[in-house]
Amino acid sequence: MTRSDAARVPLDQVAADQRPLIEAFRAAGEVSFQDVESIADSRANYEKTCAANGLAPDAVARVEDVELGKFRVRVYDPRPVVEGPTPVIVFAHGGGWVIGSLETHDRVCRRLAVRTGLPIVAIDYRLGPEHRFPAGHDDSRDAVAWVRDQADVRGWDPQRIVTIGDSAGGGIATALAHAPSMRVDGTKVVAQVLLYPVLDISQESAGYERISAGFPLTADSMRWFAANYLEDPSSASDPRLSPLASLRAGEQSDTQPPAWILALGLDPLGDEAVDYAAALTRTGTHVELVYLPHHAHGIFTSAGKIGTGERMLDQAAGFILRQLAQ
């Protein structure tokens, strides 16, 4: 038995609604993000997979792409009449800072806009390796500044921002919520939603050893993403990339905005999400942690095939509305 065989989680331990996709992935040879010929191919494959497995697109009253110089944003406004100021959601897509786009997460944003009734600003931040860290993080901070500057004309309240993201975007979402270098004058993040987020690339959690084969996202995938986003490996300890390490080191102990965190048991990132939830709780932050032991990474961009992804989006929307009602 090879090490890869020993590390592969049996299919009967995968949640029933995700099992067919994982079975098909394994039958096709387990070609993951890092296994194709080029980054362009990896990006194209991700676009195709998200289109094939994502939710049916919900109708939203107004959808607009806006160019902001080095990057762009997409605004989803479900309000029939623009009356403000209302809270606004800032969304950062996943893809390891290397793949992913407005299109891969378009249906996720549409569903969140419909479920919350709130405008969403999705960030099409620059990606590595063409644009190394901190380019994507800088773009995300600048997107929040744009939200502030547009607030009056668009009926937004920049003092009631919710940040949300999946995977690498989840890491960006929590950085926007608390990192001093990501704060924008005249804005306030009042809640954060972290969907199987990347929270520590300075060290590998036990999940990296446990999920090293048999799934689209493995330990090798995360190493490949980090190598293509970081110019200098020492940047891995930057609190914008590894906020969990920062908390463990005692570098940040302030209470953060309330957080809803989803962790998955068959995800190399699952352990760090659980640890982050615990660390945030110790700072006095209100945290709601959902742990799904039998699901793997990617349930939101495949929510058209994985019913749990759709249900978790509903739960995340419910958390947002509860926090804003307080």
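Participant: When you look at the overall build of the protein chain in this model, what are you seeing that I'm missing?
Facilitator: Check the secondary structure of the protein chain and you find eleven helices and eight strands. Relative to a compact globule of 326 residues, whose C-alpha radius of gyration would be 20 Å, the protein chain shows 18 Å and is just as compact. Seen along its three principal axes, the alpha-carbon backbone of the protein chain occupies a region of about 65 × 45 × 35 Å. Considering the protein chain as a whole, with its 326 residues, one finds that 60% of them fall into the buried category. In the protein chain, of all internal contacts separated by at least 6 residues, the share reaching a separation of at least 24 is 80%. Computing the positive centroid from 31 side-chain charges and the negative centroid from 43, the protein chain places the two 3 Å apart.

Participant: Any chance you could explain the nonpolar core here in plain terms?
Facilitator: Across soluble globular proteins, nonpolar side chains have a tendency to be buried as a group. Core analysis: the biggest nonpolar cluster contains 50 residues, and Trp97, Val121, Trp146, Val147, Trp156, Ile201 and Phe225 have the highest contact counts within it. Of all elements in the fold, only helix H3 (39-53), strand S2 (72-77), strand S3 (86-92), strand S4 (120-124), helix H5 (135-154), strand S5 (156-166), helix H6 (168-178) and helix H8 (219-229) reach the threshold of two or more residues within this core. Here Phe225 is in contact with Phe33, Gly95, Gly96, Trp97, Val98, Ile99 and Leu217, once residues within four sequence places are set aside. Within the second largest apolar cluster, 35 residues are counted, among which are Phe91, Ala122, Leu195 and Ile306.

Participant: Just checking my understanding: could you explain helix H10 (residues 270-282) for this structure?
Facilitator: Since the α-helix turns once every 3.6 residues, residues separated by three or four places project in the same direction. Helix length check: H10, at 13 residues, gives a terminal C-alpha distance of 19 Å against a target of 18 Å (1.5 Å per residue), a fit within 8%. Every buried residue belonging to H10 is among Gly270, Glu272, Ala273, Tyr276, Ala277, Ala279 and Leu280, and all of these are buried. The inward-facing, buried residues of H10 abut H6, strand S6 (189-195), helix H7 (206-210), helix H9 (243-248), strand S7 (259-266) and strand S8 (287-296). Positive backbone phi, approximately 95°, marks Gly284, located one or two places after H10.

Participant: Teacher, can you tell me more about the environment of Arg62 here?
Facilitator: Along the chain, Arg62 falls in strand S1 (residues 62-67). Once the C-alpha coordinates of Arg62 and Ser242 are considered, the two residues, 180 residues apart in sequence, prove to be 35 Å apart. One polar contact links the side chain of Arg62 to the main-chain carbonyl oxygen of Arg79, over a distance of 2.6 Å.

Participant: What's the story with the pattern of salt bridges in this structure? I'm lost.
Facilitator: A side chain with one charge may pair with a side chain of the opposite charge, provided their charged atoms come close. For the structure on display, the rule yields 26 salt bridges. Put simply, Arg111 and Asp58 hold a salt bridge, and the shortest N to O gap is 2.7 Å. Placement of Arg111 in helix H4 (residues 106-116) and of Asp58 in the loop between H3 and S1 is noted, with a sequence separation of 53 residues between them. The burial state of Arg111 is the same as that of Asp58; both residues are buried. The shortest N-O distance in the salt bridge between Asp124 and Arg72 comes to 3.0 Å. Here the residue Asp124 occupies a position in strand S4, and Arg72 occupies one in strand S2, the gap between them amounting to 52 residues. The exposure class assigned to Asp124 is buried, which follows from its relative accessible area of 18%.

Participant: Sorry if this is basic, but what is going on with the packing of aromatic side chains here?
Facilitator: In this description, a pair of aromatic rings is defined by centroid distance and the angle of the planes. In total, this model carries seven aromatic pairs according to the counting rule given. A centroid spacing of 5.8 Å and a plane angle of 85° characterise the contact between Phe33 and Tyr46, whose relative ring orientation is edge-to-face. Residue Phe33 is found in the loop between helix H2 (19-27) and H3, and its partner Tyr46 is found in helix H3; the two are separated by 13 residues along the sequence. Looking at Tyr46, the relative accessible area reads 10%, which means it is buried. Ring pairing ties together the aromatic residues Phe33, Tyr46, Trp224 and Phe225, which thus form one cluster. Looking at Arg26, its charged tip hangs above the ring of Phe215, at a distance of 5.1 Å from the centre.

Parameters at a glance
- Residues numbered from 1 in each chain as written.
- Predicted model: local features only at pLDDT ≥ 70, side-chain atom pairs only at ≥ 80, totals over all residues.
- Heavy atoms only, no water.
- Helix = DSSP H or I, 4+ residues; strand = E, 2+ residues; numbered from the N terminus.
- Rg over C-alpha atoms; globule rule 2.2 N^0.38 Å.
- Buried < 20%, exposed > 50% of the residue type's maximum accessible area, 1.4 Å probe, protein only.
- Contact = heavy atoms within 4.5 Å.
- Lys, Arg positive; Asp, Glu negative; His and termini not counted.
- Charge placed at Lys NZ, Arg CZ, Asp CG, Glu CD.
- Core = buried A, V, L, I, M, F, W, Y, C linked by side-chain atoms within 4.5 Å.
- Expected span 1.5 Å × (residues − 1).
- Polar contact = N/O pair within 3.5 Å; in protein donor to acceptor, adjacent residues only side chain to side chain.
- Salt bridge = Lys/Arg side-chain N within 4 Å of Asp/Glu carboxyl O.
- Phe/Tyr/Trp six-rings, centres within 6.5 Å; stacked < 30°, edge-to-face > 60°.
- Lys NZ or Arg CZ within 6 Å of the ring centre and 35° of its normal.

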